[in-house]
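# Close look at the chain arrangement
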Amino acid sequence: DAGVIQSPRHEVTEMGQEVTLRCKPISGHNSLFWYRQTMMRGLELLIYFNNNVPIDDSGMPEDRFSAKMPNASFSTLKIQPSEPRDSAVYFCASSSGQGLSEQYFGPGTRLTVT
Amino acid sequence: EDKVVQSPLSLVVHEGDTVTLNCSYEVTNFRSLLWYKQEKKAPTFLFMLTSSGIEKKSGRLSSILDKKELFSILNITATQTGDSAIYLCAVVASNYQLIWGAGTKLIIKP
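Residues numbered from 1 in each chain as written. Chains lettered and ligands numbered in written order. Predicted model: local features only at pLDDT ≥ 70, side-chain atom pairs only at ≥ 80, totals over all residues. Heavy atoms only, no water.

All right, on to the pairing of strand β1 (residues 3-7) of chain B then. All names here are of chain B. Residue alternation in β1 divides its side chains into a buried set, Val4 and Gln6, and an unburied set, Lys3, Val5 and Ser7. Bridging between β1 and strand β3 (residues 19-26) involves five bridges; their strand directions are antiparallel. Looking at β3, one finds that Val4 is bridged to Tyr25. (Buried < 20%, exposed > 50% of the residue type's maximum accessible area, 1.4 Å probe, protein only. Helix = DSSP H or I, 4+ residues; strand = E, 2+ residues; numbered from the N terminus. Pairing = 2+ DSSP bridges.)

Another aspect to go through is the pattern of salt bridges. Residue and element names in this part refer to chain A. Going through the model one piece at a time under the given rule, you end up with eleven salt bridges over all chains. The residue Arg41 makes a salt bridge to Glu44 at a minimum N-O spacing of 2.7 Å. We note a salt bridge from Arg64 to Glu83, for which the minimum N-O separation is 3.5 Å. Separated by 19 residues along the polypeptide, Arg64 in the loop between β6 (53-56) and β7 (65-71) and Glu83 in the loop between β8 (74-79) and β9 (88-95) bring together distant segments of the chain. What makes Glu83 partly exposed here is its relative accessible area of 23%. One network of salt bridges, in which partners are shared, links Glu62, Arg64, Glu83, Arg85 and Asp86. (Salt bridge = Lys/Arg side-chain N within 4 Å of Asp/Glu carboxyl O.)

On to the side chain of B:Gln38. When you line up the elements, B:Gln38 lands in strand β4 (residues 30-38). Under the relative-accessibility criterion, B:Gln38 is labelled buried at 5%. When neighbours within four sequence positions are excluded, B:Gln38 is seen to be in contact with A:Gln37, A:Phe91, B:Pro43, B:Ala85, B:Ile86 and B:Leu88. (Contact = heavy atoms within 4.5 Å.)

Residue and element names in this part refer to chain B. The residue Asp66 is located in strand β7 (residues 61-66) in this model. Linking Asp66 and Gly53, residues 13 residues apart in sequence, is a C-alpha distance of 6.2 Å. Asp66 has contacts with Tyr25, Ser52 and Phe71, leaving out every residue within four places of it along the chain. A polar contact is formed between the side chain of Asp66 and the backbone nitrogen of Glu69, at a distance of 2.8 Å. (Polar contact = N/O pair within 3.5 Å; in protein donor to acceptor, adjacent residues only side chain to side chain.)

Size of an interface, as often reported, equals the accessible area lost when the parts are brought together. Taken together, the contact pairs 18 residues of chain A with 17 residues of chain B. With both sides pooled, the region where chain A packs onto chain B buries about 1400 Å², and carbon together with sulfur makes up 63% of that total. Counting the contacts that link chain A with chain B gives zero salt bridges. At the boundary of chain A with chain B, the tally comes to three residue pairs in polar contact (both at pLDDT 80 or more). When residues of the side of chain A that touches chain B are traced back to their parent elements, those giving at least two are β4 (31-38), β5 (42-50), β6 and β10 (104-105) of chain A. Take the side of chain A that touches chain B: its biggest share by element is three residues, from β5(A). Classifying every residue of the side of chain A that touches chain B gives ten nonpolar, six polar and two charged. (Buried area = accessible area lost by both parts, 1.4 Å probe. Nonpolar A, V, L, I, M, F, W, Y, C, P; charged D, E, K, R; others polar.)

What follows is about the sheet that holds strand β1 (residues 5-7) of chain A. All names here are of chain A. Spatial strand order, β1-β3-β8-β7: four strands in an open sheet with antiparallel pairing. At either end of the open sheet lies a strand with only one pairing partner, and these are β1 and β7. Each neighbouring strand pair of the sheet contributes to a mean axis angle of 15°, computed without reference to strand direction. Relative to β8, β7 runs antiparallel, the two being bridged by five bridges. Looking at β8, one finds that Phe65 is bridged to Ile79. (Axes fitted to C-alpha atoms, helices over the stretch in contact; angles between N-to-C directions.)

Cis geometry is adopted by the peptide bond preceding A:Pro8, which originates at A:Ser7 and carries an omega value of -10°. Cis geometry is found at the peptide bond from B:Ser7 to B:Pro8, where omega equals -10°.

Time to look at the state of the cysteines. A complete count under the given rule lists two disulfides over all chains for this structure. A sulfur-sulfur separation of 1.9 Å characterises the disulfide bridge that pairs A:Cys23 with A:Cys92. When the S-S torsion is -65°, as for the bridge of A:Cys23 with A:Cys92, the disulfide is left-handed. With A:Cys23 in strand β3 (residues 19-24) and A:Cys92 in strand β9, this pair connects stretches of sequence that are 69 residues apart. Accessibility classification places A:Cys23 together with A:Cys92 in one group, the buried group. Each sulfur of the disulfide joining B:Cys23 and B:Cys89 lies 1.9 Å from the other. Between B:Cys23 and B:Cys89 the disulfide shows an S-S torsion of about -65°. By sign, it is left-handed. Highlighted residues: B:Cys23 in strand β3 and B:Cys89 in strand β9 (residues 85-93), separated in sequence by 66 residues. (Disulfide = S-S within 2.5 Å.)

The following block contains the structure:
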């Protein structure tokens, strides 16, 4: 199994630009999670999908952030417009069993907004 | 408010030492407790604990859960430099929510 796949691995962009992060979960997993990790705030859950449906997006910082899961094998996290304070590592994780089981993390996308 | 507290926040030991990392929690509707290891990349899964008193073991790592006292420990024996990492504890509450601790940064000196 290839594990959770994320792209790009690194992204450097200027403030105001649109950023799209991509995730392919492990095949057969029905739950997908987007996290943001910073030194100051640790791991923060942004949004959780179950069977492609967003269940809880209360962790999404503001309207500049949006996430979609058009099918079971693909999800995107979009930031528009990006700001320097969005700089962080963004992880995608997937799990089976409605999120009650262990989550497997992708390698993350390191985002730097200048 | 649900919370997970890990201690110590950081720990420096020498190779060969044994370490014990702590994770205490206060959550409603506890389902399970997870341990992860994070080096310079994504967290990798170590253990999932759901029942009190049953030790999970993998090589030099072991973990146990106490649901009465609301804590878990992660033990690493005969530590090696490759064990240097941040160890994260998370609790699954309600139907999916994963509540993360701040992590313990472990440094193993040769």
